[in-house]
Amino acid sequence: MSDSMNLKTLMVMLFVSTIFSCKTGDREKVVLQLGRYKLTTAQLKVKIMSNKYKLLSNHELENKLIEEGRILAFAIEHRYDTIGKLNLLLNYASRAYVSREDGFVWNKKVKPLLQLTEKAIIDGYHKRAQVYTFEIIRLSDPSTAKKYQILKHDFDLLRKNAIVDKYATVFTMKLRYPFYPLCKYVKISDSLKAGDVVGSGETENGYIYSHVQSVKPFIQKAYQDEKADVRKELLFALTQKYILENQKQLFYKAKPMFYDRAIVALVSGFDVANKSWPSINPKLKLMEYTVSGKRLAYLASDFKEFVDNEPVFMGSLTNPSDVKKMLQSVIITQYLFALAKQLNVETDEDYLRFRKAYQENIFIEHFRRSHVFPNTVTPESKHLSLQNELKEQYPIENNGLKAYLSKLRK
């Protein structure tokens, strides 16, 4: 697609791999200066913990940081921070960082709520001593699902109707407590027995009805041997259920209205080869939603911007259902970022370090696309000439890398 789309793709792995940790008292000491670019001990710690750098030897890392430092000095001098498409990449990445699971909002608001006591883990261990076979009917059509509501307490009759229904799928799942993924959508009693009708629930792929087909004992290891796994299973189920419930509340506030015909038109007009929408009106309205008290329209041009700049998104651009899920993710991200601002994310040290590290990676990739990659088909001397120019323009003014890396990587 556009340069920003290509650049965005290159940035994804950098986005996923960056980790942050800095607790030393001398964290703002400058260990490398090239022109107006300065690398502090805090920033160095961020870099050496990321996948991009951590496998390099000290000598290789020093050379790489000096090479990239010169590029960043060039970026500072040439005001890369004023380039609109680069700022879009940074802003989309920042919102994604803040709103992802285990991101800023999650750690501030959610994580404290997801705590498991020793008693809860012990209870969970004992409840996992049986394996349950659930028979599940999934209905993909909402109107069909409503029709089945009157049959939900008579599972045999419900199954009989579902078997001949083109919108229905009948299948079984063997699950142990806490019954994930079923527990994400359906409230499940602690006293289940064979023949019980569990209930109905709405999933991302339709409506489900379920009942217990059989219950059999399961041979467990000793509690101490299984404790860690039990805790992990319980916490994961609790997390997923919280996410779903939180999203329901969020959409209740956002009151989204999706224009299905417009979404289908968008999908139909997508040029896969060129990754573009040549025949689509940029002002085509895909949805409306409310955020921060304002009713907003989301257009085809907004969606193209999302595709060009979002670090990671799931699904196919040729599938209306997937595109609708992407639009839902836009709403979720905007709401969580608005909440993050209320929680003063813009003064949070981890967030600021993330933005700086990500911005630097964007600048480096942009420089290489603009100045290095076009010269790779020309003689090697042309490429070396560019490197020499940077060396002359940005000589090393301060370099404590070797000593500090030796100290950090004993």
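Our subject is the structure that appears above.
Rules and cut-offs
- Along every chain, residues carry numbers that run from 1 in the direction the sequence is written.
- Where totals are concerned, whole chains, interfaces and linings use all residues; where local detail is concerned, this predicted model gives features only for residues with pLDDT of at least 70, and gives and counts side-chain atom pairs only at 80 or more.
- Note: side-chain values were computed over all heavy atoms of the structure, leaving out hydrogens and water.
- Counting from the N terminus, the helices are DSSP H or I runs at least four residues long and the strands are E runs at least two residues long.
- Burial status follows relative accessibility: with a 1.4 Å probe on protein chains alone, a residue under 20% of its type maximum counts as buried, one over 50% as exposed, and anything between as partly exposed.
- Contacts: residue pairs with any heavy atoms within 4.5 Å of one another.
- Ring geometry is summarised as follows: Phe, Tyr and Trp rings, the Trp one being its six-membered ring, pair when their centres sit within 6.5 Å, and such pairs are stacked at plane angles under 30 degrees, edge-to-face over 60 and tilted between the two.
- Only when the NZ of Lys or the CZ of Arg is both within 6 Å of the ring centre and within 35 degrees of the ring normal is a charge said to sit over the ring.
- By this definition, two strands are paired if DSSP reports at least two bridges between them.
- Axis angles are defined between N-to-C directions and span 0 to 180 degrees, where every axis is a line fitted to C-alpha atoms and, for a helix, only to the segment in contact.
- Here, a salt bridge means any side-chain nitrogen of Lys or Arg that lies within 4 Å of a carboxyl oxygen of Asp or Glu.
- Working rule for angles: under 35 degrees goes down as roughly parallel, over 145 as roughly antiparallel, 65 to 115 as roughly perpendicular, anything else as oblique.
- Here, the term nonpolar core denotes a set of buried Ala, Val, Leu, Ile, Met, Phe, Trp, Tyr and Cys residues that are joined through side-chain atoms within 4.5 Å.

Help me get a handle on the overall build of the protein, residues and values and all.
Secondary structure summary: the protein contains 16 helices and 10 strands in total. Counting only residues that meet the buried cut, the protein has 43% of its 410 residues in that class. Residue pairs at least 24 apart in sequence account for 72% of intrachain contacts in the protein once pairs closer than 6 positions are excluded.

I'd like a rundown of the environment of Asn-107, residues and numbers included.
Note that Asn-107 resides in helix H5 (residues 104-110). Apart from residues lying up to four places away in sequence, Asn-107 is in contact with Asp-102 and Pro-112.

Give me the lowdown on the packing of aromatic side chains, citing residues and values where you can.
Summed over all chains, the structure comprises 17 aromatic pairs. Judged by centre distance (5.6 Å) and plane angle (85 degrees), the rings of Tyr-80 and Phe-363 are edge-to-face. Highlighted residues: Tyr-80 in the loop between helix H3 (58-77) and helix H4 (84-99) and Phe-363 in helix H14 (residues 349-372), separated in sequence by 283 residues. With a relative accessible area of 5%, Tyr-80 lands in the buried category. Judged by relative accessible area, Phe-363 falls into the buried class, the value being 8%. Aromatic pair Phe-270 and Trp-277: ring centres 4.8 Å apart, planes at 40 degrees, arrangement tilted. Overall, the relative accessible area of 12% leaves Phe-270 in the buried class. Through a chain of ring-to-ring contacts, the aromatic side chains of Phe-270, Trp-277, Phe-303, Phe-306 and Phe-313 assemble into a single cluster. The residue whose ring lies beneath Arg-95 is Tyr-92, and the NZ or CZ to ring-centre distance is 4.6 Å. Over the ring of Phe-218 we find Arg-176, and its NZ or CZ is 3.8 Å from the ring centre.

Requested: an account of the pairing of strand E2 (residues 37-40), with residues and values cited.
Successive residues of a regular strand alternate their side chains across the two faces of the sheet. Bridge count between strand E1 (residues 30-34) and E2: four bridges; the pairing is antiparallel. If you follow Leu-34 over to E2, its bridge partner there is Tyr-37. The antiparallel hairpin formed by E1 and E2 contains two residues in its connecting segment, where Gly-35 sits at a positive phi of about 60 degrees.

Break down the sheet that holds strand E4 (residues 168-175) for me, with residues and values.
As summarised here, the arrangement of the four strands in space is E4-E3-E6-E5, forming an open sheet in which the pairing is antiparallel. The sheet terminates laterally at E4 and strand E5 (197-203), the two strands that pair on one side only. Taking each pair of neighbouring strands and ignoring which way they run, the sheet shows an average axis angle of 25 degrees. Bridge count for E5 against strand E6 (residues 206-217) is six bridges, and the pairing is antiparallel. By the bridge assignment for E6, Ser-200 is matched with Tyr-209. Packed on one face of the sheet, helix H8 (residues 155-162) meets strand E3 (130-139), E4, E5 and E6 and runs near 50 degrees to E3.

If you had to explain the pattern of salt bridges to someone new, which residues and values would you point to?
Counted under the stated rule, the structure contains 21 salt bridges. Across the salt bridge formed by Glu-68 and Lys-52, the nearest N and O atoms sit 3.2 Å from each other. Here Lys-52 lies in the loop between helix H2 (41-48) and H3 and Glu-68 lies in helix H3, a separation of 16 residues in the sequence. The salt bridge partner of Glu-288 is Lys-285, with a shortest N-O separation of 2.9 Å. You can call Lys-285 partly exposed: its relative accessible area is 32%.

Help me get a handle on the packing of helix H10 (residues 223-254) against helix H13 (residues 320-342), residues and values and all.
Helix packing for two helices is described by the angle between their axes and how far apart those axes are. Across the interface, H10 lies against H13 with an axial gap of 10 Å and an inter-helix angle of 90 degrees. Comparing the axis directions of H10 and H13 gives the class roughly perpendicular. On H13, the residues touching Gln-247, Leu-250, Phe-251, Lys-253 and Ala-254 of H10 are Gln-328, Ile-331, Ile-332 and Tyr-335.

Report on the side chain of His-211, specifying residues and quantitative values.
Counting through the fold element by element, His-211 comes out in strand E6. Apart from the residues lying within four places of it in its own chain, the contact partners of His-211 are Thr-133, Phe-134, Glu-135, Phe-155, Arg-159, Gly-195, Asp-196, Val-197 and Val-198.

Give a detailed account of the nonpolar core, specifying residues and quantitative values.
In this structure, Leu-44, Val-98, Phe-303, Leu-327 and Leu-401 are the most contacted members of the largest nonpolar core, which totals 71 residues. With 10 residues, H13 is the largest single contributor of residues to this core. Discounting residues that sit within four places of it in the chain, Leu-327 has contacts with Phe-258, Ile-263, Leu-286, Met-287, Tyr-298 and Phe-303. Within the second largest apolar cluster, 22 residues are counted, among which are Tyr-125, Tyr-223, Val-230 and Leu-244.

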